[in-house]
Amino acid sequence: MDKFDVCIAGAGVIGLAVAFQLSESTRFKTKKIVVTEPEANFGHHISSRNSEVVHAGIYYPTGSLKAKLCVRGKQLLYEHCRRYDVPFHMVGKFIVAQKVNAHRLATLQGQAAKNGVSDLVWINDNRLKTEEPAIKADYALFSPSTGILDSHSFMQSLLYTAENNGVMFAPYTQIKAVARSTAGFMLDTCITDGKSEQRYIFQAEHFINCAGLDAHHLAKNIDGLSPTHIPSVHMCKGDYFNYSGPSPFNHLVYPIPEQNTQGLGVHSTMDMMGNVRFGPDSEYVDQLSYFVDPRKAKAFAQDIADYFPEISSKKLQPAYAGIRPKLAAEGEPPADFIIQHNDVHGIPGLVQLFGIDSPGLTASLAIGEEIAMALP
Ligand SMILES: Cc1cc2nc3c(=O)[nH]c(=O)nc-3n(C[C@H](O)[C@H](O)[C@H](O)COP(=O)(O)OP(=O)(O)OC[C@H]3O[C@@H](n4cnc5c(N)ncnc54)[C@H](O)[C@@H]3O)c2cc1C
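The following paragraphs examine the structure supplied in this document. (Residues numbered from 1 in each chain as written. Predicted model: local features only at pLDDT ≥ 70, side-chain atom pairs only at ≥ 80, totals over all residues. Heavy atoms only, no water.)

## With respect to the site of the ligand
Step number 1: Among the 34 residues in the neighbourhood of the ligand, the closest are listed as Glu 37, Ser 47, Val 53, Ile 356 and Thr 362.
Step number 2: Side-chain polar atom of Asn 50 to an oxygen atom of the ligand: 3.0 Å apart, as the coordinates give it.
Step number 3: Within the backbone of Asp 357, one N or O atom sits 3.1 Å away from an oxygen atom of the ligand.
Step number 4: The fraction of the free accessible surface of the ligand (1000 Å²) that becomes covered by protein chains is 97%.
Step number 5: For the shell around the ligand, the secondary-structure elements that each account for two or more residues are helix H1 (13–24), strand S10 (173–181), strand S18 (316–326) and helix H9 (360–374).
Step number 6: A per-class count over the shell around the ligand returns 14 nonpolar, 14 polar and six charged. (Near = heavy atom within 4 Å. Polar contact = N/O pair within 3.5 Å; in protein donor to acceptor, adjacent residues only side chain to side chain. Areas by Shrake-Rupley, 256 points an atom, 1.4 Å probe, with all protein chains shown as cover. Helix = DSSP H or I, 4+ residues; strand = E, 2+ residues; numbered from the N terminus. Nonpolar A, V, L, I, M, F, W, Y, C, P; charged D, E, K, R; others polar.)

## Examining the packing of H1 against helix H5 (residues 151–164)
Step number 1: Between H1 and H5, the shortest axis-to-axis distance is 9 Å and the interhelical angle comes to 35°. Every pair of crossing elements has a handedness; the one defined by H1 and H5 is left-handed. Residue-level inspection shows Val 13, Leu 16, Ala 17, Ala 19, Phe 20, Ser 23 and Glu 24 of H1 in contact with H5, the latter providing Phe 154, Met 155, Leu 158, Leu 159, Thr 161 and Ala 162.
Step number 2: Among the residues forming the contact of H1 with H5, the class breakdown is 10 nonpolar, two polar and one charged. (Axes fitted to C-alpha atoms, helices over the stretch in contact; angles between N-to-C directions. Left-handed = near helix turned anticlockwise from the far one by under 90°. Contact = heavy atoms within 4.5 Å.)

## Section: the nonpolar core
Within soluble globular proteins, side chains that are nonpolar tend to cluster in buried spots.
Step number 1: With 48 residues, the main nonpolar core has Val 96, Phe 278, Ile 304, Phe 308 and Leu 316 as its most contacted residues.
Step number 2: If we skip the residues at most four places from it in the chain, Phe 308 touches Ala 134, Tyr 243, Pro 248, Phe 249 and Phe 278.
Step number 3: Val 35, Cys 81, Leu 149 and Ala 363 belong to the second largest nonpolar core, which has 46 residues in total. (Core = buried A, V, L, I, M, F, W, Y, C linked by side-chain atoms within 4.5 Å. Buried < 20%, exposed > 50% of the residue type's maximum accessible area, 1.4 Å probe, protein only.)

## Some remarks on the sheet that holds strand S4 (residues 88–89)
Step number 1: Judged by pairing direction, the sheet is antiparallel, and its three strands sit side by side in the order S3-S8-S4 without closing on themselves. Since the sheet does not close on itself, it has two edges, and those belong to strand S3 (53–54) and S4, each with one partner.
Step number 2: As paired strands, S4 and strand S8 (residues 147–149) are joined by two bridges and run antiparallel to one another. Of the residues in S8, the one forming a bridge with His 89 is Ile 148. (Pairing = 2+ DSSP bridges.)

## Brief notes about the pairing of strand S1 (residues 3–9)
The side chains of a regular strand alternate, residue by residue, between the two faces of the sheet.
Step number 1: Taken across its seven residues, S1 has five buried, putting it largely inside the fold.
Step number 2: In this sheet, strand S12 (residues 197–209) lies alongside S1 in parallel orientation, the contact comprising six bridges. From the neighbouring strand, Ala 9 faces S12, where its bridge partner is Asn 209.
Step number 3: As judged from the four bridges shared by S1 and strand S2 (residues 33–36), these two strands associate in the parallel manner. Bridging from a neighbouring strand, Val 6 pairs with Ile 33 of S2.
Step number 4: For the crossover that starts at S1, traverses H1 and ends in the parallel S2, the hand is right-handed. (Right-handed = clockwise from strand over helix to strand, strands pointing away.)

## Looking at the pattern of salt bridges
Step number 1: If you walk through the whole model with that rule in mind, you get 12 salt bridges.
Step number 2: Where Arg 72 meets Glu 369, a salt bridge forms, and the shortest distance between an N and an O atom there is 2.6 Å. Remark: Glu 369 occurs in helix H9 and Arg 72 occurs in helix H2 (residues 65–84); sequence separation between them is 297 residues.
Step number 3: One salt bridge connects Lys 296 with Glu 283, and the closest N-O pair in it is separated by 2.9 Å. On the criterion of sequence distance, the pair formed by Lys 296 in the loop between strand S17 (283–285) and helix H7 (297–305) and Glu 283 in strand S17 is long-range, its members being 13 residues apart.
Step number 4: Its relative accessible area of 34% is what places Glu 283 among the partly exposed residues. (Salt bridge = Lys/Arg side-chain N within 4 Å of Asp/Glu carboxyl O.)

Below you can see the structure in the form of structure tokens.
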């Protein structure tokens with residue numbers, strides 16, 4: 001039977017970043033590591049359906065994993081992009097508000113400073129008019145370290161480097177069940193390309209569950225894991241619309257996040273070619289579907305008009321949707337990432353990640369770094 005030192009379930013950005021960081025660390029450089037993925041290739045799910053924004057670390061409660069790993073992850077991510085020629089642009093972002101909400105900008109600036117993000121700058125309406133003439137707002141905060149990146153190239157660079165370091169990538173391979181053995185874990189997998197199926201069982205000393213939207217389902221099939229350590233996960237869909245026509249903005253533009261909602265508000269972001277898109281909204285769903293209803297364009301235009309009055313729903317075309325794995329149910333306050341080790345669930349060698357929604361892309365290398373340091 002094949003034996004590995006580490007098995008990572010899931011080749012989204014989190015599984016790939018964990019594989020990359022392990023393969024770069026002195027302690028794991030010579031170890032046998034495998035990344036298994038049911039799809040034909042990496043990054044098919046949450047990791048290719050997001051805003052591709054490198055977040056600064058402004059919004060998250062001080063001391064939370066989101067705050068800590070976003071700030072550290074941002075630094076590691078920009079360094080990685082420079083080192084491996086991953087396209088990125090530290091374009092900067094405006095968070096805009098009308099007079100009535102100015103105090104909430106001040107609160108955000110205070111929160112950011114507590115998280116170690118001290119580069120936010122107040123912008124008055126005159127300067128805003130010069131920088132972003134299409135925006136209607138009384139005040140703004142400018143975050144110079146917020147940026148965008150080509151997330152596909154980023155994931156490709158993680159996998160390519162990890163493979164060069166000896167990591168094995170196993171596409172078409174879904175972990176079905178995880179049994180315990182004296183050597184760690186017995187991984188029962190199904191290898192299928194849709195035409196034929198094959199069962200394959202192997203051993204690993206460490207098992208890292210990075211299965212994104214399926215992490216809690218997979219956890220239910222881990223022998224000996226108490227259900228009390230498996231959180232409920234809720235799917236929260238976010239739709240995007242492309243803006244047709246030349247970009248009206250020079251930076252990313254975000255409204256003040258609505259209180260107690262699960263997203264940052266319908267904002268404008270851009271891809272590496274400068275094409276503008278708006279989104280994501282937040283809608284709790286029961287079924288996994290990536291359909292974007294074109295009729296939503298009107299509601300999007302209404303939200304966007306608060307800060308960009310010239311918007312017309314006719315300029316918005318359905319683009320794509322992503323699904324967030326939320327630990328908070330609808331109406332509940334946002335929850336932190338969960339990264340569970342032996343001290344929580346009592347199973348040596350098992351690491352589980354739940355609720356890795358935004359800013360997971362930004363935080364990915366810091367999550368990988370933390371896991372590489374924590375594994376015995
Ligand atoms: C709408 C939206 C916008 C976002 N915007 C941003 C942003 O701008 N900036 C930012 O930093 N973050 C953002 N995020 C968050 C970020 O995209 C996620 O945190 C990140 O992509 C999660 O990656 P993942 O690897 O956990 O999940 P995934 O990419 O879904 O990867 C999980 C993988 O596990 C595989 N898998 C499932 N079951 C099994 C199994 N049994 N065995 C083996 N493999 C399995 C799946 O096939 C999948 O490939 C956004 C998220 C959403 C939804």
